[in-house]
Every structure is written in C-alpha cells, then in structure tokens.
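So you can see what is in the structure, the chains are spelled out below.
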Amino acid sequence: MPDTLEIHSLVVWLIFGMAAVTFVMVVFITAPYGRHMSEGWGPSLPARAGWILMETPPVLVFFGFYSMGQFRAETVPLIFLFLWQSHYIYRAYVFPFKTRHSGKEMPVLVLLLAVIFNSLNAYINARWISHFGQYSMDWLTDPRFIIGVVVFFSGMFINRQSDNILINLRKPGESGYKIPKGGLYRFVSCPNYLGELLEWLGWAIATWALAGLAFAIYTAANLAPRAVTNHKWYQDKFPDYPEKRRALIPFVI
C-alpha cells in the first residue's frame, strides 16, 4: 500500500476520532458481549473463536508492518516489538483457552468493528516504531522509556492477575456469577481494565509518539464506560456488593 508519513498521520488522527465516537456510543449503548450479551445484533459466532479472530490482527498486522520498517533490526524497536507481542500473543492465543466460553456467543458486528480498529491501530504503532520514529540507543536510558516500561509491565501484572481471579471464581461444574475478591478487586470492580489502561499508557510514554497516545486514549474511551456499566451490574445483582469499591480507579471512579 502507498505509505507516507502524511498517510500515517491521517490514520493516527482517525484513531483519535474513533476514540471520541466510541466513547459517546459506549456511554449510551452497552456493547453486546460477555455478561452483557443480548439479542438483536445480527448473526453471532462462538465467543472463543470470535475472541481469537478479534485479537489476531494486532499480532499479524503489527508484525507485518514492523518487518517492513527501515529500523526493524535496531535494539529499541525490537524491545517495543517484544512489549507489544507479549501482550497480544497472550490475549489472542492463551487467554481464550483459559476462560470458560462454552455456550457463549459474540455478534459478528462486534468482531468486525474490533478487527477494523485493531488493524488500523497495529499499522500506526508498528509503522511508527520501526520506520517513521527514530530511537537511538540513548533512548534506553531516557526517563520516558524507563517509566513507560515500568508502567507497562505493572499494568500487565494487574491485568493478568485480575483475569486469573475471575477465571478461578467458579469451580468446575459451577455456573453463574460471584463477587470477585483479592488483588485490586478490593478497590475496584474492573482491575483487569485498569491494568490494560496502564499497559497502553506505559506504551504511550515509552514510545513518546502520537500513535501510542491515540491508542491509550482509545483504550480509555472504550474501557472506562464499560467499567462503569460493569460496576452498576455488580451493584444491581449483588445486594451485599462492597459499598466502597469503585468502578475503575481506586477511591476515585
């Protein structure tokens, strides 16, 4: 495809625009997947298959564009490649097989929208770190890189710990929902979302690029309203739900 810095910049600003639209939509319309799955969204497919298809573009599209970059063999871009793939390979090919997706469905519409965003997002970030952006070895000692990587891995730890708590809530053969406890569930209803927000905030800081910032803002626009919806769902479903627990950010929201 024709590829210039101008085209790349246009797609970056498109992601910013998609973040604004997504935030407005998710505030008023609950995305129909997971516990909020509902009828009337057209054809669906098994949730596990949908999840794998949805999370595969960030793995393959990212690597494809990364491999075409003029700086693809340099140290800092390779570290960024490792950070990105350490998240998405797990999300695409490990996480779906740890969760109980039996009988659950995902609307094809949700899948298609996710694939479009994930592909565009993979393009802008991969193309920046391996081609348009320039990171010398000095970047490894830059406070932005160090802080960003620490925030990224802190978010990854929180995300995976929280997911594991949810996965292990039900014993084999059990069904239904329970109040999650432990980890940051002591403070918020969706620490898994908080962890993912921290990951991509860390990415934005470490890369110090508009592409990374666009991704971080989109993630917040998508997950923050979802966290509020999930929090309210817990409160409605469980009369004894902890009163001091917040939706997403401890002691704040």
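The text that follows walks through the structure, step by step, so that each part is easy to find. Since the model is a prediction, treat every value here as computed from it, not as a measurement.

Some thoughts on the overall build of the chain
Line of reasoning, step 1. Scanning the chain from terminus to terminus reveals nine helices and two strands.
Line of reasoning, step 2. For the chain, the succession of helices and strands along the chain, N to C, is α-β-α-α-α-α-β-α-α-α-α.
Line of reasoning, step 3. The C-alpha radius of gyration of the chain comes to 19 Å, within 12% of the 18 Å expected for a compact globule of 253 residues.
Line of reasoning, step 4. Along the longest, intermediate and shortest principal axes, the C-alpha atoms of the chain span 55 × 40 × 35 Å.
Line of reasoning, step 5. Looking at the chain residue by residue over its 253 residues, the buried ones come to 48%.
Line of reasoning, step 6. In the chain, of all internal contacts separated by at least 6 residues, the share reaching a separation of at least 24 is 82%.
Line of reasoning, step 7. With the model as given, the accessible surface of the chain reaches about 12800 Å², and the carbon-plus-sulfur share is 68%.
Line of reasoning, step 8. Of the charged side chains in the chain, 21 are positive and 15 negative; the average position of the first set lies 10 Å away from that of the second.

Some thoughts on the layout of surface pockets
Line of reasoning, step 1. Volume-wise, the second largest pocket comes out at about 170 Å³.
Line of reasoning, step 2. Taken together, Leu194, Leu197, Leu198, Leu201, Ala220, Ala224, Pro225, Val228, Leu248, Ile249 and Ile253 form the lining of the second largest pocket.
Line of reasoning, step 3. Of the residues contributing to the lining of the second largest pocket, the split by class is 11 nonpolar, no polar and no charged.

Focus: the packing of aromatic side chains
Line of reasoning, step 1. Tallied over the full model, the rule gives 26 aromatic pairs.
Line of reasoning, step 2. Relative to tryptophan 203, the ring of tryptophan 200 lies with its centre 6.0 Å away and its plane at 75°, an arrangement referred to as edge-to-face. Taken together, the residues tryptophan 200 and tryptophan 203, both in helix α8 (residues 191-207) and three residues apart, mark about one turn of the helix.
Line of reasoning, step 3. Directly above the ring of phenylalanine 95 sits arginine 91, whose terminal nitrogen or CZ lies 4.3 Å from the centroid.
Line of reasoning, step 4. If you follow arginine 127 out to its NZ or CZ, it ends over the ring of phenylalanine 132, 5.7 Å from the centre.

A short note on the environment of leucine 81
Line of reasoning, step 1. Mapping leucine 81 onto the fold places it in helix α4 (residues 75-93).
Line of reasoning, step 2. Along the sequence, leucine 81 and alanine 126 sit 45 residues apart, while their C-alpha atoms lie 7.9 Å from each other.

Focus: helix α3 (residues 57-67)
Line of reasoning, step 1. Regarding α3, the residues found buried are Pro57, Pro58, Val59, Phe62, Phe65 and Tyr66.
Line of reasoning, step 2. For α3, the elements touching its buried residues are α2 (47-55), α4, α6 (108-132) and α8.

Cut-offs and rules
Residues numbered from 1 in each chain as written. Predicted model: local features only at pLDDT ≥ 70, side-chain atom pairs only at ≥ 80, totals over all residues. Heavy atoms only, no water. Helix = DSSP H or I, 4+ residues; strand = E, 2+ residues; numbered from the N terminus. Rg over C-alpha atoms; globule rule 2.2 N^0.38 Å. Buried < 20%, exposed > 50% of the residue type's maximum accessible area, 1.4 Å probe, protein only. Contact = heavy atoms within 4.5 Å. Areas by Shrake-Rupley, 256 points an atom, 1.4 Å probe, with all protein chains shown as cover. Lys, Arg positive; Asp, Glu negative; His and termini not counted. Charge placed at Lys NZ, Arg CZ, Asp CG, Glu CD. 1 Å grid on protein atoms, 1.4 Å probe; cavity = no way out; pocket = protein on both sides within 12 Å on 5 of 7 lines; lining within 4 Å. Points joined across faces, edges and corners; volume = space filled by probe spheres on them. Nonpolar A, V, L, I, M, F, W, Y, C, P; charged D, E, K, R; others polar. Phe/Tyr/Trp six-rings, centres within 6.5 Å; stacked < 30°, edge-to-face > 60°. Lys NZ or Arg CZ within 6 Å of the ring centre and 35° of its normal.

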